Amino acid sequence: MSFQIMGGFIIKGILRLCVVCALMMPFSNVQANYSLASIIDGQIFADHSAVMLIIEPKTGSIVFANKSAAKFYGYSISQLQAMKIQQINIFTEQQVAQERKAALNKGQNYFVFKHQLASGETRTVSVYSAPFELDNRRLLFSVIHDISSQRTLEKELWHYQENLEELVAIQTQEIEQKRFGQFILSLISIILLTGLLAILTLLATRLRTAKRSAQKDSATLKAIFNGIDDLLIFTDNKHTILNANRMAAQKLTDIETLKGNNIHTYMNNVSSIGQLDNECQFSGMKGVFWGEVNVTTVTDEADKKIGEIHLIRDITQKLKIRQQQRLASTVFSATNEGILVSDNTNKIQAINSAFTQITGYQEDDVLGETPAILNSGRHKPSVFKALYENLKNSGHWEGEVWNRRKDGSIYPCWLNISVVFDEEKQIEMYVALFNDISLRKQSEQEMWLQTNFDTLTGLANRYHYNNKLDQEMIRASAENTRLAICFIDLDRFKSVNDTLGHNSGDMLLLEAANRLKACMREVDTVARLGGDEFALLLPGINNLSDIERLAKKSLKALSSAFKIGDQDVFVSGSMGVTIYPDDGVERKILLRNADSAMYQAKEQGRNCFEFFTHGLHEQVKARSKLGNALHKALKNNEFTVYFQPIISIDKKTIGCEALLRWHNPELGQISPAEFIPICEELGLIVEIGEWVLREACKEASQWCSQFNGNFFVTVNFSSVQFVRRDIAKLVKNVLHEYQLSPECLTLEITETLLADNSPNILQQLQAIRALGVGLAIDDFGTGYSSLSYLKRFPLSKLKIDREFIKDLPDEHEDCAMVGAIISMASNLHLEVVAEGVETDAQRAYLAALNCDYIQGFLYSKPLPKDEFDHYLKTFFEQ
């Protein structure tokens, strides 16, 4: 019977020990299922049958105690929570250390201490402890189990075993001494031994069961340890990794590699994305990830730190979400688009600052209202009904609507609405983004006007005219009618623009546009194609007399005087006319025909109109062929420089004008009057003009040296060259290249260049004069305001146009004009060159007026280099 009782105590003790181990499992990982704080504050801790204490490890103060602890120790809960564990544990610090060492050697996760009850009674207890943090405090969770009975039972068992051995020895001795009753005593011994064996077998079985249970608990704890989704790493005091769970091995590296490494080797510097002290980056097998680290200190019985448990939670996705939320919040508040968020009943829940800036409504004005507060009244209810129906079906709508601001003003906006659905596909909220597109619509209108209309005159431009022409050709074809296309170019406009300035030219163009519009019918189109070119589109005309009437009316309007400032300016128009479908059925052909007819009108004396003929087309082809040949002329050495003498009135000094000549193998000799304007139009004059300068300076260098400096050469320069090149720099380089004295070179320029009135042109001319190179104004007296140039520009010579020379000395007006020019030039210290002198009478009259230089056929026509060289030798030998 005593064996059964003892066995029962042992079994109960083992079972209670298992229960305590099971109780410890939920608290071994505070964050595995629920927080320890909630357990302490709830009924689980207070009413649990196990004795539980929460202890401050550094001071030993009992922070919390449950009812079972009060019952066991005989103190009330408040008394226990006012005590320290040292008042209950009667072990000395040395005994406590020994017990911890013994537990460590045995691999136990519990300690055995002597605790004194309130009654003074001493009990042997097993203590299961685990550290944890609560409200940033490090505490020790302890479960206490009374094993006094178990220890007493163990002692009695050992005592009984010793007595049994003594009894067996006595029995054996008595059997040896007394053979009598041997059989009975042997039988008794066998029975006793059998009973003892049965008891021991039972105890062994129960111990094996307890061991299997403990192993099962250990495996369960290990499974929980490895099953946690977070990284668990145990380190020593030097942060060396001693153990880690499976997740740590997956994220960082395998456990065997982890062991022995410092945990900080896997940590990177904290980036700006981590906002808390315990957030940092980790370098793992699969790249870098962000972790939230909670470190728990592990201490021994003496409250000495023996290591740390690092709980690392991967928060990479959490930080991305946080960053996205922060970005979304920034976008919401900082975007220029107005944002409105409403619930499933369409009541406004939130707006951003851009909403207030656009609409004028503050947040207090619209919260709880519907977006109908912005309704402008321009849209029918059916429009919004269709809008919300579309949102319900597709979840998105965007388009242009008109809204009303708080001040009542109406504005267009581009609205973009998206629906947010919940998990059950029900509408949860509406998110609307919109922006004020008033400026954009205004810009679109302005862009349309700029694309289709001329900014100066307000007439249709080339693009709009071509589109209109295409439309009218389709209509004319359908209605079997004719369509007239007219090109108009203003005669002498370039001279007006060059002499009076661009502002005056613009005023003239604007007035010309108004006059042309006044001459046209409502169905007609007037366009400005560019510069001084206009175009008319006359639909529905079948009678050529109607075209002639409109053409004459237009030209008459253009030939009347234009009031520009204080001056009356006279221009005229040259008009070319082509007919659809008689002259062509394609826009490109018709436009080309009108252009050809316009040039024919110019050749007919201007201020007239011409209808297109096929002969004009051939002339256009010839002009195009001439342009193509010019592109190759310089490369093929087709140009030649001729020199015409310029002789001083006393015949002591001689110079020459370098003149360009062109002979094409296919086209023959071409006049400069034909190819120079084309060179300027194509931009070839820049390259060709530089070639002429170099050729002239190269030859002049030899002649200057040969005749002791009593020689000079003049070279013509186009305004195009000054616009596209730095002529001062070019001249300086060429003079240096051919070692030509600057005094031996004069550049001839026209009034067109001076009329530009550009600071860049003036700077170049001043730089040229600073080199010592002369500047001569060509064809002086043919412009409107030539006298002003003599004052503003650094000129050294002026050349009187041949128009004033040819009738000398018989034409009195020309004599007066030439005399005035020479006298004025003399007062301004300018040298004068008279062009086109052909007779001795002209030379004698000019000499009497003290003209400085004579140029013309009287002395020689332009000569090639070799002939001019012979002319010079003959001249200086006289």
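Okay, so let's go over this structure.

What counts and what doesn't
Residues numbered from 1 in each chain as written. Predicted model: local features only at pLDDT ≥ 70, side-chain atom pairs only at ≥ 80, totals over all residues. Heavy atoms only, no water. Helix = DSSP H or I, 4+ residues; strand = E, 2+ residues; numbered from the N terminus. Buried < 20%, exposed > 50% of the residue type's maximum accessible area, 1.4 Å probe, protein only. Contact = heavy atoms within 4.5 Å. Areas by Shrake-Rupley, 256 points an atom, 1.4 Å probe, with all protein chains shown as cover. Phe/Tyr/Trp six-rings, centres within 6.5 Å; stacked < 30°, edge-to-face > 60°. Lys NZ or Arg CZ within 6 Å of the ring centre and 35° of its normal. Patch = residues over 30% accessible without salt bridge, like charges linked within 9 Å, V, L, I, M, F, W, Y side chains within 5 Å. Salt bridge = Lys/Arg side-chain N within 4 Å of Asp/Glu carboxyl O. Pairing = 2+ DSSP bridges. Axes fitted to C-alpha atoms, helices over the stretch in contact; angles between N-to-C directions. Parallel < 35°, antiparallel > 145°, perpendicular 65-115°, else oblique. Left-handed = near helix turned anticlockwise from the far one by under 90°. Nonpolar A, V, L, I, M, F, W, Y, C, P; charged D, E, K, R; others polar. Polar contact = N/O pair within 3.5 Å; in protein donor to acceptor, adjacent residues only side chain to side chain. Core = buried A, V, L, I, M, F, W, Y, C linked by side-chain atoms within 4.5 Å. Lys, Arg positive; Asp, Glu negative; His and termini not counted. Charge placed at Lys NZ, Arg CZ, Asp CG, Glu CD. Arc of directions from axis to C-beta.

**Side note on the overall build of the protein**
A count of helical and extended segments in the protein gives 32 helices and 31 strands. A burial count over the protein gives 43% of its 878 residues as buried. In the protein, the proportion of contacts linking residues at least 24 apart, taken out of those at least 6 apart, comes to 56%. Only carbon and sulfur atoms are counted for the fraction: they give 52% of the accessible area of the protein, which is about 47300 Å².

**Description of the packing of aromatic side chains**
Per the counting criterion, the structure on display carries 21 aromatic pairs. Ring geometry for W703 and F711: centres 5.5 Å apart, planes at 70°, overall edge-to-face. Three or more aromatic residues joined by ring pairs form one cluster here, namely F643, W703, F711, F868 and Y871. Positioned above the aromatic ring of W402, the side-chain terminus of R378 is 4.1 Å from the ring centre. Its end group placed over the ring of Y642, R661 keeps NZ or CZ at 5.9 Å from the ring centre.

**Here we look at a nonpolar patch on the surface**
Judged by side-chain polarity, L167, F183, I184, L187, I188, I191 and L192 come together as a nonpolar surface patch covering roughly 680 Å² of accessible area. Among the elements that take part in the nonpolar patch, helix α8 (residues 182-227) stands out by supplying six residues, more than any other.

**Considering the sheet that holds strand β15 (residues 427-436)**
Strand order in this open sheet of five strands is β12-β11-β15-β14-β13, and the pairing throughout is antiparallel. Looking along the sheet, the strands with just one partner apiece sit at the ends: β12 (348-351) and β13 (396-404). Strand-to-strand twist in this sheet, taken as the mean axis angle between neighbours without regard to direction, amounts to 25°. Summarising the sheet, strand β11 (residues 338-343) and β12 pair through three bridges and their orientation is antiparallel. Bridged to V341 within β12 is A350. In this fold helix α14 (residues 381-394) packs onto β13, β14 (410-421) and β15, with an angle of close to 155° to the strand it touches most, β13. Its contacts with the sheet put helix α15 (residues 438-452) on β13, β14 and β15, and the angle it makes with β14 is roughly 125°.

**Focus: the packing of helix α16 (residues 462-479) against helix α20 (residues 587-603)**
Contact pair α16 / α20: the axes reach a minimum separation of 11 Å and the direction vectors enclose 115°. Taken together, the axes of α16 and α20 lie roughly perpendicular to each other. For the pair α16 and α20, the crossing hand works out as right-handed. On α20, the residues that touch Y465, N466, L469, D470 and M473 of α16 are R587, L590 and L591. In terms of residue class, the contact of α16 with α20 is built from five nonpolar, one polar and two charged.

**What to know about the pairing of strand β10 (residues 305-314)**
Note that strand β6 (residues 231-235) and β10 share five bridges and pair antiparallel. From the neighbouring strand, T235 faces β10, where its bridge partner is E308. Pairing geometry for strand β9 (residues 287-299) and β10, over nine bridges, is antiparallel. Bridge pairing in β10 places V295 opposite H310. Taken together, β9 and the strand that follows it, β10, pair antiparallel across an intervening segment of five residues, in which D303 is found at a positive phi of about 60°.

**Side note on the side chain of N346**
Following the sequence through the fold, N346 ends up in the loop between β11 and β12. Residue N346 is classed as buried on the basis of its relative accessible area, which comes to 14%. Within polar-contact distance, the side chain of N346 engages the side chain of S342 at 2.9 Å. Among the polar contacts made by the side chain of N346, one reaches the side chain of Y388 at a distance of 2.8 Å.

**Details of the nonpolar core**
The nonpolar side chains of a soluble globular protein tend to be buried with one another. In terms of nonpolar packing, the biggest core is built from 82 residues, with F711, L745, L798 and L846 touching the most fellow members. When residues in this core are grouped by element, the largest group, ten residues, is from helix α23 (residues 685-706). Among all residues touching L745, those that are not within four sequence positions of it are L693, C697, V713, V715, V731, L735, L740, V773 and G774. Among the nonpolar cores identified, the runner-up in size contains 33 residues, and V526, L555, A557 and V569 belong to it.

**Observations regarding a negative patch on the surface**
A cluster of like negative charges, contributed by D807, D810, E811 and E813, occupies part of the molecular surface. Note that D807 resides in the loop between α29 (802-805) and α30 (812-827). The class for D807 is partly exposed, based on a relative accessible area of 34%.

**Observations regarding helix α22 (residues 672-682)**
For α22, the full list of buried residues reads F675, I678 and C679. Angular distribution of buried residues about the axis of α22 spans 105°; they occupy a single face of the element. Exposed residues on α22 whose side chains face more than 90 degrees from its buried face are A673 and E681. Put simply, S671 is the residue that caps the front of α22, since its side-chain oxygen is 3.2 Å from the backbone nitrogen of A673.

**Description of the sheet that holds strand β21 (residues 572-580)**
Taken together, the five strands give an open sheet; going across it, the order is β17-β18-β16-β21-β22, and neighbouring strands pair in mixed fashion. Here the strands that pair on one side only, and so sit at the sheet edges, are β17 (525-530) and β22 (609-611). Taking the axes of each pair of neighbouring strands and ignoring which way they run, one obtains an average angle of 20° across the sheet. Most of the contacts of α16 go to strand β18 (residues 533-539), to which it runs at about 20°, and overall it touches β16 (483-491), β17, β18 and β21. The strands touched by α20 within the sheet are β16, β21 and β22, with β21 carrying the most contacts at an inclination of about 145°.

**Concerning the pattern of salt bridges**
Side chains carrying opposite charge are able to pair once their charged atoms draw close together. Considering all chains together, one arrives at 30 salt bridges under this definition. Close ionic contact of D568 with K563 constitutes a salt bridge, the shortest N to O distance being 3.5 Å. Linked through salt bridges whose partners overlap, the residues forming this network are E657, E748, K799 and E835.

**Focus: the pairing of β13**
Of the two faces of β13, the one lined by W397, G399, V401 and N403 is fully buried and the one lined by H396, E398, E400, W402 and R404 carries no buried residue. In the sheet, β13 pairs with β14 via nine bridges, with the strands oriented antiparallel. Across the sheet, residue R404 finds its bridge partner in β14, namely I410. Once β13 ends, the chain turns through five residues before running back antiparallel as β14, passing G408 with a positive phi of about 95°.

**Observations regarding the environment of I670**
For I670, the location among the structural elements is in strand β25 (residues 668-670). For I670, a relative accessible area of 6% puts it in the buried group. On a C-alpha basis, the gap between I670 and L626 in space is 9.3 Å, while along the polypeptide they are 44 residues apart. What I670 contacts, discounting residues up to four positions off in sequence, is L626, W662, N664 and F675.

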